[in-house]
Amino acid sequence: MSITAETAKAHAHDPAVLCCRAEAGITIEAANLEDPAIFDDLVDSGLLNLDGALTIEEVLGAKLTKTCDSLCPLTADVVEGAKAPSKPAAPEAAEEEAAPAPAAAPVAAAAPAAGGVLKIHIGEGKDIDLEIPVGALGGGSAAAAEVPAGAAAAVAAAPAAEQEAKLIRSLTRKHFNITEVKRGPETKIEGTTLYIREGIEKECIDSQKLVYDLKIDIITPADYHTYSETIMDVQPIATKEGEDELGSGVTRVLDGVVMMVTGTDANGVQIGEFGSSEGFLDENIMWGRPGAPEKGEIFIKTQVTVKEGTNMERPGPLAAHTASDIITQEIRECLKKLDESLVTDTETFDQYRRPGKKKVVIVKEIMGQGAMHDNLILPVEPVGILGGKPNVDLGNVPVAVSPLEVLDGCIHALTCIGPASKEMSRHYWREPLVLEALHDEEIDLCGVIFVGSPQINAEKFYVSKRVGQICEMLDVDGAFVTTEGFGNNHIDFASHHEQIGMRGIPVVGMSFCAVQGALVVGNKYMTHMVDNNKSESGIENEVLACNTLCPEDAVRAVQMLKNAMGGEDVKAAEKKWNPNVKSSNVEAIESVTGKGLNLVENEQSLPMSQKRKEKYD
Amino acid sequence: MGNVQILLRQHVGAPCAAIVQAGDEVKKGTKIATPTGLGANIFSSVYGVVEEVLEDRIVIRPDEEQKEEFVPIEVEDENDKLALVKEAGIVGMGGAGFPTGVKIGTDLKGGYVLVNAAECEPGLRHNIMQLEEKTDITIRGLKYCMEISNASKGIIAIKKKNEKAVQILRDAIKDDDSLTIHLLPDIYPMGEERAVVRECLDKLLDPTQLPSAADAVVINCETLLRIAEAIEEKKPCYSKNMTVIGKLNGGNEPHVYMDIPVGTSVGDMIERAGGIEEPYGEIIMGGPFTGKSTTLDAPVTKTTGGIIVTIEFPDLHGAPVGLLVCACGGSEDRMREICEKMNGKVVSVARCKQAVEPKPGAALKCENPGNCPGQAQKCLQFKKDGAEYIIIGNCSDCSNTVMGSAPKMKLKTFHQTDHVMRTIGHSLYRRLTVSKQVDQLPNGK
């Protein structure tokens, strides 16, 4: 499609191709030219041959001497008065800014090459060995799309004088270990054994009109090869101490055990939309993902049957969660009374504001389409039900929370579908991006904004405009936008980028994309993207939490935002999904920071399920 | 002649309210409905008796005998030309239906009245025929219009291909310094309001702007005729010129009818033109691009310019189809209807980059009518979505662009007007073979 003067400038050195028929004698303007973004596809389809085409900067303002049709590359024989080509401008080296930073050297060396061309001319010769360190080539000019090399340091130099970091609040987690879960006459914790009251199922069922049945299974590691209905949620078992409120004070949590909600409707239909994770547990859980169980943990698994046909309506899944929470709540009451001597570990999360550092905000898009997608925000207990407000009922408008509220379970997630890319409740409890940004002393994380993803486009734009407005008020220097799932939610994901980006704030987006989740829409502010994909083929493989945001993604995103805020260019994404982009970026980050990044495993490490064998791999 | 059905909404704005009741006798020119907001008076087009007043229409049983004479309009000051135009209930007769009294009531401060004589919808003939046969009264209408709106120039925009009409107009305006002719190329769309402004005044308006932003109004040539009739004869606006064409007994030549009573049924008009030659595809009210499918019992209104009977649709046997929706052609609903009639399955819908909604939900407008913004990306989308066929509703220039990529991508292309063009023996909208530039007359004379 025709381009604007602005796009023409950005693509000054790309080939000039007419987008439409143009008659002899016209003066060539940007509006006559096709968008270079689609050239690859056009060349692939055999529609375009760019041989001999002049560049956009050469033809602008020149005269067309022959009437030419659409998709005609402008060559010298049909253009009169073409300008001389300029050299592609190398991005300005960030030397000055980067100088005070400890890791400045590789950055300075890399920058000029990052957007430019490395030319090696060999006229005549023998036995020529060229050794070029990969770091010096801007992260390998081949594939470093996401993060230009030398990622780290660029932003380190704070513009203002060093100021004291200010402690805002702290959150302490006291861990209690559980090694065995049994049924018994009452719910209690004795030492490291958790007993769940026999017959509690009836109360769970009776509490919810839509719940027809509820079974409890205690799954120990020995039982991992057990069939399960689709996993709707994985939740930590945690409670607040005394009068402490969620997000500060003390939280008690059980280690070694998690709650797992599973279910179907009365017709046996899985509670899922795009795929579901039913099957043998050990073949369908991506162990160790922030939202998934750890290998070795015991699952208290509820299997809930909801009224037929309510599996795809909000009340059905909500009833399943609420019924299951009756069990969790009884455990929480016992946990509150446990003797302090049983604490096995204590960890404290400190929330600092860092004046003088680049201020950033994390915008997390959560599902709010309303069919079965919802999230309860800020329940009284960590990942509880009581007190939580469904974001669909809040109109999906942005809600501001502190990073510690996120880590204290302020989201009870009812997003159980498209299992590989959705964030379970436990994900927020261990949210890698929040942790990474919270602990990074080079940036000032001011908070987290949750925004729902409504079903209707008009509402999507309604909420994204509010996100933009809040970011403007916050005066942030940069923003992360994360999303879960793919498809429909990418419309508002893109709009969040636009609304924030149009205010001059750099944005880094994080989403599962790869092959199946390729973005359906885009805009010019979507320049910095981190792909959460881990699957081998780049697909929604129905393995629980496989493609969710992990520490390795958080590290890349933080480095990318630092670069963006420092004005570094990031290479445009390649046309097709290329997993090498991620590996070369990881390498670049490792070489600059000197710290190794252990990449997580994917579904290939799991025993092959029949479903995967048939549908995917 | 069957019953006459006069719709209460024949214009931009709110429906009118009926001021007659069942059983009332009416004459030609009896006022039968008045505006409730933006709108224009509605008059009976026949002598007869009101049979029913329905929510959206007044049904009149016409008398056997119909006299020529009519009830003249009444205004306080007979010399107040604008008041006459308003009282006569004139609306834009090119199809838009905007109340003319409101449009020309603005002070153009010496600006322009642009006459839309493009008659751009292929197959229609009544505008050009009017210019050829009712030249003087049309020119007088233009002069009244200029006087009312305080315009100093009148420009008649007409396609160069209409040589006879152009020659007649040249003779008619040769002694009037305030009038000129602007020749238009034979491409679609030249009759879009903002295209007329751009061609005549070299000013491209935003889709949200009115021609008044260029100190101009754009008026269809039939509207000028009705203005002159209102001012000179005190005649209310109750009749319409139109073209009936298509798969009719006796051939596909256009049948032009002048002064058809508003409210006449489509079926009556088709019978007058010879009747349908069965089998047929659909009946369109309006032009091939912007018209809509209609039925035999539907009544014609103040804005009906064409009635077209088409040949049967081709059968795609459920093949996957992409729709390229454009401001120049049918709405998405209309495109889907055509696809359904062709037995295709819509798998992808794209909208031309330049087609924008001036207001949410409003009809699409083109940012630069007749100048293509490129369509290759849309074709890539159709291909990606698995379409085998595409149906496009584009203008001449955009259709040409689509043909630059779609066939190479093995997308078989239909234009939404194909069934009409085949019916009337007009070339299909595919490649553009004529220039967008035409030489103008010396000094517009």
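All chains use their own residue numbering, which begins from 1 and follows the written sequence. For this description, chains carry letters from A and ligands carry numbers from 1, given in the order in which they are written. This being a predicted model, a pLDDT of at least 70 is required before a residue's local features are given, and a value of 80 or more before pairs of side-chain atoms are given or counted; all residues contribute to the totals for chains, interfaces and linings. Values shown for side chains rest on all heavy atoms present in the structure; no hydrogens or waters enter the calculation.

Draft legend 1. Seen up close, the pairing of strand β21 (residues 389-392) of chain B. All names here are of chain B. Here the term buried applies to any residue with accessible area under 20% of the maximum for its type, exposed to any over 50%, and partly exposed to those in between, with areas from a 1.4 Å probe on protein chains only. In this description a helix means any DSSP run of H or I spanning at least four residues, a strand means any run of E spanning at least two, and both kinds are numbered starting from the N terminus. Burial of the side chains of β21 extends over both faces: Y389 and I391 are buried on one face and I390 and I392 on the other. The sheet contact formed by strand β17 (residues 320-325) and β21 spans 4 bridges and is parallel. Pairing of L323 across the sheet is with I391, part of β21. Note that β21 and strand β22 (residues 412-415) share 4 bridges and pair parallel. Each bridged residue has a counterpart across the sheet, and for I391 the counterpart in β22 is F414. In this fold, β21 hands off to helix α11 (residues 396-405), which returns the chain to β22; that crossover is right-handed. Pairing between strands is defined by DSSP: at least two bridges between the two strands are required. Here is how to tell: hold the view so the strands point away, follow the path from the first strand over the helix to the second, and if it runs clockwise the crossover is right-handed.

Draft legend 2. Quick peek at the confidence of the model for chain A. Residues and elements named next belong to chain A. Every residue is assigned a pLDDT by the predictor, reflecting its confidence on a scale from 0 to 100. Across chain A, pLDDT averages 85, with 86% of residues at or above 70. Mean pLDDT across the secondary structure elements of chain A bottoms out at helix α4 (residues 95-98), with 29, and peaks at helix α9 (residues 403-407), with 98. Here, two residues are considered to be in contact whenever any of their heavy atoms come within 4.5 Å of each other. Considering only residues more than four positions removed or in separate chains, one finds that residues 89-126, a stretch of pLDDT under 50, has 40 contacts. The low-confidence segment residues 130-160 (pLDDT under 50) makes 87 contacts with residues lying over four places distant or belonging to another chain.

Draft legend 3. Inspection of the packing of aromatic side chains at higher detail. All names here are of chain A. Only Phe, Tyr and Trp rings take part, Trp by its six-membered ring, and two of them pair if their centres are within 6.5 Å. Stacked means planes under 30 degrees apart, edge-to-face means over 60, and tilted covers everything else. All told, the structure shown has 9 aromatic pairs over all chains when counted by the stated rule. Two limits define a charge over a ring: the Lys NZ or Arg CZ must be within 6 Å of the ring centre, and within 35 degrees of the ring normal. Of note, R173 hangs over the ring of W429, and the distance from its end group to the ring centre comes to 3.9 Å. When the ring centre of Y195 is taken as origin, the NZ or CZ atom of K188, which lies over that ring, is 5.2 Å away.

Draft legend 4. Fine view of the sheet that holds strand β18 (residues 389-390) of chain A. All names here are of chain A. The strand order across the open sheet formed by 3 strands is β18-β17-β20, and the pairing between neighbours is antiparallel. Strands with a single pairing partner mark the edges of an open sheet, and in this sheet they are β18 and β20 (411-413). The pairing of strand β17 (residues 375-377) with β18 spans 2 bridges and is antiparallel. Its bridge partner lying in β18, L376 is registered against P390.

Draft legend 5. Representation of the sheet that holds strand β23 (residues 507-511) of chain A within the structure. All names here are of chain A. Across the sheet, 6 strands lie side by side as β19-β21-β16-β22-β23-β24; this open sheet has mixed pairing. Edge positions in the open sheet fall to β19 (399-401) and β24 (529-531), since each of these has one partner strand only. Each strand axis lies, on average, 20 degrees off the axis of its neighbour in the sheet, ignoring direction. Two strands pair when backbone bridges link them, and β19 and strand β21 (residues 443-453) are joined in this way by 3 bridges, in the antiparallel orientation. From the neighbouring strand, V399 faces β21, where its bridge partner is F450. Each axis is a line fitted through C-alpha atoms, and for a helix only the stretch in contact is used; angles between axes span 0 to 180 degrees, taken between their N-to-C directions. Its contacts with the sheet place helix α12 (residues 457-474) against β16 (358-367) and β21, and it is angled at close to 165 degrees to β21.

Draft legend 6. Summary view of the nonpolar core. Grouped together as the largest cluster of nonpolar side chains are 43 residues, with contacts concentrated most on V113, L142, I156, I158 and I227 of chain B. By size, the runner-up hydrophobic cluster in this structure holds 37 residues, among which are Y188, F289, C398 and M421 of chain B. The set of buried Ala, Val, Leu, Ile, Met, Phe, Trp, Tyr and Cys residues whose side-chain atoms join them within 4.5 Å is what this entry labels a nonpolar core.

Draft legend 7. A look at the packing of helix α3 (residues 126-133) of chain B against helix α7 (residues 221-233) of chain B. Residue and element names in this part refer to chain B. The contact between α3 and α7 brings their axes to 9 Å, and the two run at 50 degrees. The orientation of α3 with respect to α7, classified from their angle, is oblique. Seen from α3, the contacting residues are H126, N127, Q130 and L131; seen from α7, they are C221, E222 and L225. For classification purposes, angles smaller than 35 degrees are called roughly parallel, those larger than 145 roughly antiparallel, those between 65 and 115 roughly perpendicular, and all remaining angles oblique.

Draft legend 8. Inspection of the pairing of strand β18 (residues 345-351) of chain B at higher detail. All names here are of chain B. Strand direction decides the pairing type here: β17 and β18, joined by 6 bridges, are parallel. Its bridge partner lying in β18, P320 is registered against K345. This β-α-β element, β17 to helix α9 (residues 332-341) to β18, shows right-handed connectivity.

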